[in-house]
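Here are the chains, one letter per residue:
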Amino acid sequence: MPVEITWWGHATCTVEDAGTRVLTDPLFTRRLAHLRRRRGAPPPPSAARADLVLVSHLHADHLHVPSLARLAPGTRVLVPRGTGRSVPGLRRLRGLRITEVGPGDAVASGDVTVRVVPAEHDGRRLPVGPHRAPALGYVVEGEARTYFAGDTGLFDGMAEAVGTVDVALLPVGGWGPYLGPHHLDPERAAQALARLAPRSAVPVHYGTYWPIGMDAVRPHEFHTPGDEFVRQAALWAPDVAVHLLGHGERVRPEVAR
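Everything quoted here is computed from the prediction, not taken from an experiment. (Residues numbered from 1 in each chain as written. Predicted model: local features only at pLDDT ≥ 70, side-chain atom pairs only at ≥ 80, totals over all residues. Heavy atoms only, no water.)

Enquirer: Would you explain helix H6 (residues 225-236) in this entry?
Expert: Structural remark: α-helix, 3.6 residues per turn; residues separated by three or four positions point the same way. Given a rise of 1.5 Å per residue, 12 residues ought to cover 16 Å, and the 16 Å separating the end C-alpha atoms of H6 matches this to within 8%. Along H6, the positions that sit buried rather than exposed are Pro225, Gly226, Phe229, Gln232 and Ala233. Here the buried residues of H6 occupy an arc of 120° about the axis, which is enough to place them on one side. When the buried face of H6 is taken as reference, the exposed residues oriented beyond 90 degrees from it are Ala234 and Leu235. Where the residues of H6 are buried, they touch strand S13 (167-171), helix H4 (186-196), strand S14 (200-204), helix H5 (220-223) and strand S16 (241-242). (Helix = DSSP H or I, 4+ residues; strand = E, 2+ residues; numbered from the N terminus. Expected span 1.5 Å × (residues − 1). Buried < 20%, exposed > 50% of the residue type's maximum accessible area, 1.4 Å probe, protein only. Arc of directions from axis to C-beta. Contact = heavy atoms within 4.5 Å.)

Shown next, in the form of structure tokens:
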């Protein structure tokens, strides 16, 4: 069966490959602090079904303890090394099999292997806490090689660190009108695409959550990153097929044989 990608919103995706369901950065809530889900209903209960869960870094919109609590007992969850010290709330999730990992590690689940790769991003648990855990990316290797970038900026050696991939799930926006360093906006994401040279790409991490009360303030920053990524990708990486998904939509991208 070909690899199938479902985008649930923000950085939450299901990657189904070789009979294994891999879930990324699960965020199933309507509201998170000052953020409210502005597009798409929260994912259905079936979205929490996974054989393996990948958490890219400790920011609350990527490591969301109440969303992790929806996972079935026994689900294996990969988190950055140092997470246990920085997020005490994880101790309540006794039914999960939580494994701390770092760049260079590889974890097998069913017929897939997940390689852990570096990311260029502030991985601390904000707003307080020392920088004890790195931000990570992951490459899911089964019948395809799917790169989930989490949150990252462009960095030297990115293509070498990630390796050859068929599909790239790249962040192209955020949850506010300003993206600081160590993030990808649509153009920088397209530049990353040119470096990685996958067959297919899916833009994520945009158009889902927005600060309460800011609906009328620069709304294009919320709505347009996906379309702008499609435009920029055509300039920087014209040979890559970009799949612009709506919330809950899925695609079976072309992969190398």
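Enquirer: Sorry, what's going on with H4 here?
Expert: Listed as buried for H4 are Pro186, Ala189, Ala190, Ala192, Leu193 and Leu196. For H4, the angular spread of buried residues about the axis comes to 155°, placing them on one side. Those residues of H4 that are buried lie in contact with strand S12 (145-148), helix H3 (158-162), S13, S14, H6 and S16. A positive phi of about 55° marks Ala197, the residue just after H4.

Enquirer: Sorry if this is basic, but what is going on with the sheet that holds S16 here?
Expert: Two orientations exist for strands paired in a sheet by backbone hydrogen bonds: parallel and antiparallel. Spatially, S9-S10-S11-S12-S13-S14-S16 is the arrangement adopted by the 7 strands of the open sheet, whose pairing is mixed. Strand pairing shows two members of the sheet lacking a second neighbour, strand S9 (106-109) and S16, which therefore form its edges. Examined bridge by bridge, S12 and S13 share 3 bridges and lie parallel to one another. Of the residues in S13, the one forming a bridge with Phe148 is Leu169. Along the sheet, H4 contacts S12, S13, S14 and S16; its crossing angle with S13, the most-contacted strand, is approximately 155°. (Pairing = 2+ DSSP bridges. Axes fitted to C-alpha atoms, helices over the stretch in contact; angles between N-to-C directions.)

Enquirer: Just to check I follow, could you spell out the pairing of strand S3 (residues 20-24) for this structure?
Expert: Regular strands show a simple pattern: their side chains alternate between the two faces of the sheet. Extensive coverage of S3 is indicated by the burial of 5 of its 5 residues. Alternating residues of S3 divide into Thr20, Val22 and Thr24 and Arg21 and Leu23, and every residue in both groups is buried. Inspection of the sheet shows strand S2 (residues 12-17) paired to S3 by 5 bridges, in the antiparallel sense. Among the inter-strand pairings, Glu16 is bridged to a residue of S3, identified as Arg21. Counted between consecutive antiparallel strands, the loop separating S2 from S3 contains 2 residues, among which Ala18 sits at a positive phi close to 55°. Alignment of S3 against strand S6 (residues 52-54), held across 3 bridges, turns out to be parallel. Residue pairing across strands places Val22 opposite Leu52, the latter belonging to S6.

Enquirer: What is the right way to look at the side chain of Thr208 in this model?
Expert: Of note, Thr208 is situated in the loop between S14 and strand S15 (209-211). Residue Thr208 is classed as buried on the basis of its relative accessible area, which comes to 0%.

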